[in-house]
Amino acid sequence: MTLIELVEENIIKIPLESNDKPDVLRELVQILKDAGEIEDFDATLKAVQQREDKQSTALEDGIVVPHGKTDAVTDLRLAIGIAPQGIDFDSMDGKPSTLFFLLVAPPDMSGPHVAALAEIAKLAQSKALCKALTRADNAREVVELLTGD
Amino acid sequence: MSNLIRKIMVYIDGTEHSVTAAQYAICLASSTGAELVALYVINTKAVEDLLKARIFLQDEQVEYEHDMEADARRYLNYVNELALKKGVSVIKKSSKGSVNREIVNAVKEDEIDLLVIGELSRIRSRRDEFYDETERAMRTVPCSVLIVKDEEKVWDIYESLV
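Residues numbered from 1 in each chain as written. Chains lettered and ligands numbered in written order. Predicted model: local features only at pLDDT ≥ 70, side-chain atom pairs only at ≥ 80, totals over all residues. Heavy atoms only, no water.

Along its length, chain B carries 6 helices and 5 strands. Along its sequence from the N terminus, chain B presents helices and strands in the succession β-α-β-α-α-β-α-β-α-β-α. Taken over the C-alpha trace, chain B has a radius of gyration of 16 Å; the compact-globule value for 162 residues is 15 Å, and the two agree within 12%. Across its three principal directions, the C-alpha atoms of chain B cover 50 × 35 × 30 Å. Per-residue burial over chain B gives 54% buried out of 162 residues. A fraction of 79% describes how many contacts in chain B between residues 6 or more apart in sequence connect residues 24 or more apart. (Helix = DSSP H or I, 4+ residues; strand = E, 2+ residues; numbered from the N terminus. Rg over C-alpha atoms; globule rule 2.2 N^0.38 Å. Buried < 20%, exposed > 50% of the residue type's maximum accessible area, 1.4 Å probe, protein only. Contact = heavy atoms within 4.5 Å.)

Have a look at this one:
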């Protein structure tokens, strides 16, 4: 399974409404809940928060990759949130974060989990694409940008 | 047919598609008498990339590599059980590194005649950022490649195998 297979309009939210880190994590997990991708909201949030407590997953140039392993999901689950206004997420470069890729997976799918995270890492290297994603007006546009249509 | 396919390798990556590929490969090995090798690649290259990108912490790198080693054992044992039920023996093989490179190396080393893989991504992106390591291996291996589709049909074929 490649990351692109997980990208659908119903797992994308623009703009994110939260203003701080804990709320953003909740909002991203809520996207999965609303899309019917998870049943156990609390367990999923806990998995992501536990990783985030060790060190922020905010990289440079506004990109954040919250991730975690949990039995609350049976397959890889992706949520994308875009905050054009920028949110303080303790990023490496100190800049506000704008592009959020939440990825959760069951513990026994470490291979596909790692592969999907690696794809996000590669995507994060494309500054032009990330800038275009941050400027997207709606979920449809994000899907089109990622599929290259 | 038995001379045409003497050695089959099925690539297992922990997805449902790869388990379906294994079921098909077992049926194929049973009907041709070919030797069957099941390969799982522990993708340490991706983990290293994630550490460099600072998405992973050092302890996560160790944790995920251990997880993948456990997954490799679990999935290869599962394929072995599936094969034994049908009277087919499997050579279990795991390696570490880049998925594409490890598959190609294993095919060459073991002189594989046919590589069996699960269904590839149904959605294609024209972006270079999205690439499928298995698809890359499919294009690079020196042997023929069989892509297994239709999970339900393959299950029926596997179940009907005496």
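Residue and element names in this part refer to chain B. The interhelical angle for the contact between helix 4 (residues 99–109) and helix 5 (residues 133–140), taken along N-to-C directions, is 35°, at an axis separation of 8 Å. Between helix 4 and helix 5 lies a crossing whose hand is right-handed. Residues Val99, Asn100, Ile103 and Val104 of helix 4 touch helix 5, and the partners they reach there are Glu133, Arg136, Ala137 and Thr140. The residue makeup of the contact of helix 4 with helix 5, split by class, is 4 nonpolar, 2 polar and 2 charged. (Axes fitted to C-alpha atoms, helices over the stretch in contact; angles between N-to-C directions. Left-handed = near helix turned anticlockwise from the far one by under 90°. Nonpolar A, V, L, I, M, F, W, Y, C, P; charged D, E, K, R; others polar.)

It is worth spelling out a negative patch on the surface at this point. All names here are of chain B. Together, Glu16, Asp150, Glu151, Glu152, Asp156 and Glu159 make up a negatively charged patch on the protein surface. The greatest single-element share of the negative patch, amounting to 4 residues, is contributed by helix 6 (residues 151–160). Of note, Glu159 is situated in helix 6. With a relative accessible area of 43%, Glu159 lands in the partly exposed category. (Patch = residues over 30% accessible without salt bridge, like charges linked within 9 Å, V, L, I, M, F, W, Y side chains within 5 Å. Areas by Shrake-Rupley, 256 points an atom, 1.4 Å probe, with all protein chains shown as cover. Salt bridge = Lys/Arg side-chain N within 4 Å of Asp/Glu carboxyl O. Lys, Arg positive; Asp, Glu negative; His and termini not counted. Charge placed at Lys NZ, Arg CZ, Asp CG, Glu CD.)

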